[in-house]
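In case you want the letters, here they are:
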Amino acid sequence: CQAANCGPIVDALDQGLDHVPGIEKGKTIASAIAVSNPGMLGNETLRSVQQSGGCGIKVDDDNLLKVWEQLGRAGIFIEPSSAISVASAYQMAQRGMLRSSDVMVAVVTGSGFKDADTLNARVTIPDEVVEGQKAFNERLETISKLCQSK
C-alpha cells in the first residue's frame, strides 16, 4: 500500500512493469512513506509482490486521515503513515478483494510522536493507553465496528 499522491510501486504493478521508475513526488500526509524513487528496494518489492500474486493499493489522504483518527480515538497512537496498512485493508474489503474468511495482517509501527504537527492539529490524546495484546485486539474490534457503521 502506498499514498495516492506518491505510489511508484503500485503504479509499476498496475502498468505491469518489471522495474519501478521514479515519479514526481506528490504532496501527502503520509510523509514517512512518500518515496518517489525507491530504487533497488522498490524493484525488489515489485518483484516480490508480482511473484506472490499480491496486489498494490493506493490510499488517498482523506481516507488515511479518517482511519488514523479512528485508530487514535481507540487508543492506538501511531503516525499517519502507519495507518495506511489498516486503511488499505478497509479499501480492499470495500472493493470485494477480501473474503470474510481471509486473514490479513496490518502492521502499524510508527509512533504518533513522529508527526506531532498532524497530531496536534487533529487529535486529542486519549487518557487511556492500550496495553497488552488482549486490549489491542479489543480496540481493533471497536475500530472495525466503527468503520462498518459508516
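Computed from a predicted model, the values in this text were never measured in an experiment. (Residues numbered from 1 in each chain as written. Predicted model: local features only at pLDDT ≥ 70, side-chain atom pairs only at ≥ 80, totals over all residues. Heavy atoms only, no water.)

S.K.: Explain the overall build of the protein chain here, please?
M.R.: A count of helical and extended segments in the protein chain gives 6 helices and 2 strands. Put simply, the protein chain runs from its N terminus to its C terminus through helices and strands in the order β-α-α-β-α-α-α-α. Relative to a compact globule of 150 residues, whose C-alpha radius of gyration would be 15 Å, the protein chain shows 16 Å and is just as compact. Across its three principal directions, the C-alpha atoms of the protein chain cover 45 × 40 × 25 Å. Evaluated residue by residue, the protein chain yields a buried proportion of 39% over its 150 residues. Nonlocal contacts in the protein chain, meaning residues at least 24 apart in sequence, comprise 67% of its contacts between residues at least 6 apart. Approximately 9,100 Å² of the protein chain is accessible, and the part contributed by carbon and sulfur atoms is 49%. (Helix = DSSP H or I, 4+ residues; strand = E, 2+ residues; numbered from the N terminus. Rg over C-alpha atoms; globule rule 2.2 N^0.38 Å. Buried < 20%, exposed > 50% of the residue type's maximum accessible area, 1.4 Å probe, protein only. Contact = heavy atoms within 4.5 Å. Areas by Shrake-Rupley, 256 points an atom, 1.4 Å probe, with all protein chains shown as cover.)

S.K.: What should I look at first to understand the environment of Q148 in this one?
M.R.: Mapped onto the elements, Q148 comes out in helix α6 (residues 133-148). Classification of Q148 by relative accessible area gives exposed; the value is 63%. In sequence terms Q148 and F136 are 12 residues apart; their C-alpha atoms lie 18 Å from each other.

S.K.: It is not clear to me how helix α4 (residues 84-94) should be interpreted in this structure. Could you clarify?
M.R.: For α4, the tally of buried residues reaches 8 of 11 residues, placing the bulk of the element in the interior. For α4, the set of buried residues is I84, S85, V86, A87, S88, A89, Q91 and M92. Tucked into the core, α4 has its buried residues touching β1 (2-3), β2 (58-59) and α3 (61-73). Remark: G96 follows α4 within two positions and exhibits a positive phi of approximately 75°.

S.K.: Explain the packing of α3 against α6 to me, please; I cannot follow it from the model alone.
M.R.: Relative orientation and spacing of two packed helices are given, respectively, by the angle between their axes and the distance between those axes. The geometry of α3 relative to α6 is characterised by a closest axis approach of 9 Å and an angle of 135° between their N-to-C directions. One finds that α3 runs oblique with respect to α6. α6 is crossed by α3, and the crossing has right-handed handedness. Residues Q70, L71 and R73 of α3 form the contact with α6, whose own contacting residues are R139, L140, I143 and C147. (Axes fitted to C-alpha atoms, helices over the stretch in contact; angles between N-to-C directions. Parallel < 35°, antiparallel > 145°, perpendicular 65-115°, else oblique. Left-handed = near helix turned anticlockwise from the far one by under 90°.)

S.K.: Explain the packing of helix α1 (residues 8-15) against helix α2 (residues 39-52) here, please?
M.R.: For the pair α1 and α2, interaxial distance at closest approach is 10 Å and the crossing angle is 45°. In this view, α1 runs oblique relative to α2, as classed from their interaxial angle. In this structure, α1 meets α2 at a crossing whose hand is right-handed. Judged by residue contacts, I9, A12 and L13 of α1 engage G42, T45, L46, V49 and Q50 from α2. Its residues assigned to classes, the contact of α1 with α2 comprises 5 nonpolar, 3 polar and no charged. (Nonpolar A, V, L, I, M, F, W, Y, C, P; charged D, E, K, R; others polar.)

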